Amino acid sequence: MDRRAAGLLGNLGDNTTSNTQAANRVFWRQTVLPFVWRKAKALSAWLAPAYGTPLQLRPDLDAVDAVDGAGSGVGAGRGGDVFDHQ
């Protein structure tokens with residue numbers, strides 16, 4: 001059977017799996033995490049007057065499996081700009 005035909009039947013192979021995992025990481029890093037950082041910053045600003053001190057809410061990125069440890073220096077490939085929203 002031709003390899004292309006096998007792909008049509010559902011045998012996706014290693015490349016597709018790798019591409020899917022990479023796309024999932026990119027989605028989290030470029031879409032979900034910036035949104036979470038913006039919301040945490042806005043919520044911190046909204047709650048700060050009630051506490052009378054500077055308040056900083058930060059998501060626990062180590063608890064999110066999809067980002068592969070983004071809490072420990074991820075973004076180094078892009079100069080660290082992605083997650084340095086402190």
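Residues numbered from 1 in each chain as written. Predicted model: local features only at pLDDT ≥ 70, side-chain atom pairs only at ≥ 80, totals over all residues. Heavy atoms only, no water.

Asker: Please explain the overall build of the protein chain as it appears in this structure.
Answerer: Within the protein chain, the secondary structure is distributed over 2 helices and 0 strands. Counting the 86 residues in the protein chain, one finds 17% classified as buried. Contacts spanning at least 24 positions in sequence make up 44% of the contacts within the protein chain whose residues lie at least 6 apart. (Helix = DSSP H or I, 4+ residues; strand = E, 2+ residues; numbered from the N terminus. Buried < 20%, exposed > 50% of the residue type's maximum accessible area, 1.4 Å probe, protein only. Contact = heavy atoms within 4.5 Å.)

Asker: Got a minute to help me understand the environment of Ala40 in this structure?
Answerer: In this fold, Ala40 is placed in helix α2 (residues 13–51). Excluding residues that lie within four positions of it along the chain, Ala40 makes contacts with Leu57 and Pro59.

Asker: It is not clear to me how the environment of Trp28 should be interpreted in this structure. Could you clarify?
Answerer: Mapped onto the elements of the fold, Trp28 is located in helix α2. According to the relative accessible area criterion, Trp28 is partly exposed, its value standing at 24%. Separated by 39 residues in the primary sequence, Trp28 and Val67 place their C-alpha atoms 6.5 Å from one another. With residues near it in sequence (within four places) discarded, Trp28 still touches Leu33, Pro34, Val64, Ala66 and Val67.

Asker: Could you clarify how one ought to interpret a nonpolar patch on the surface in this entry?
Answerer: Among the surface-exposed residues, Leu43, Trp46 and Leu57 lie close enough to one another that they form a single nonpolar patch of about 330 Å² accessible area. As for its placement among the helices and strands, Trp46 is situated in helix α2. (Patch = residues over 30% accessible without salt bridge, like charges linked within 9 Å, V, L, I, M, F, W, Y side chains within 5 Å. Areas by Shrake-Rupley, 256 points an atom, 1.4 Å probe, with all protein chains shown as cover. Salt bridge = Lys/Arg side-chain N within 4 Å of Asp/Glu carboxyl O.)

Asker: How do you make sense of the side chain of Ser44 when you look at a structure like this?
Answerer: Within the secondary structure, Ser44 sits in helix α2. Once you skip the residues sitting within four places of it in the chain, Ser44 turns out to touch Leu55, Gln56 and Leu57.

Asker: Is there a simple way to think about the confidence of the model for the protein chain in this case?
Answerer: For residues with low pLDDT, the predicted coordinates do not support detailed interpretation. Per-residue pLDDT for the protein chain has a mean of 74; in total, 63% of the residues score no lower than 70. Segment residues 70–86 is flagged for pLDDT under 50; beyond a separation of four residues in sequence, or across chains, it makes 23 contacts in the model. (pLDDT = per-residue confidence, 0-100.)

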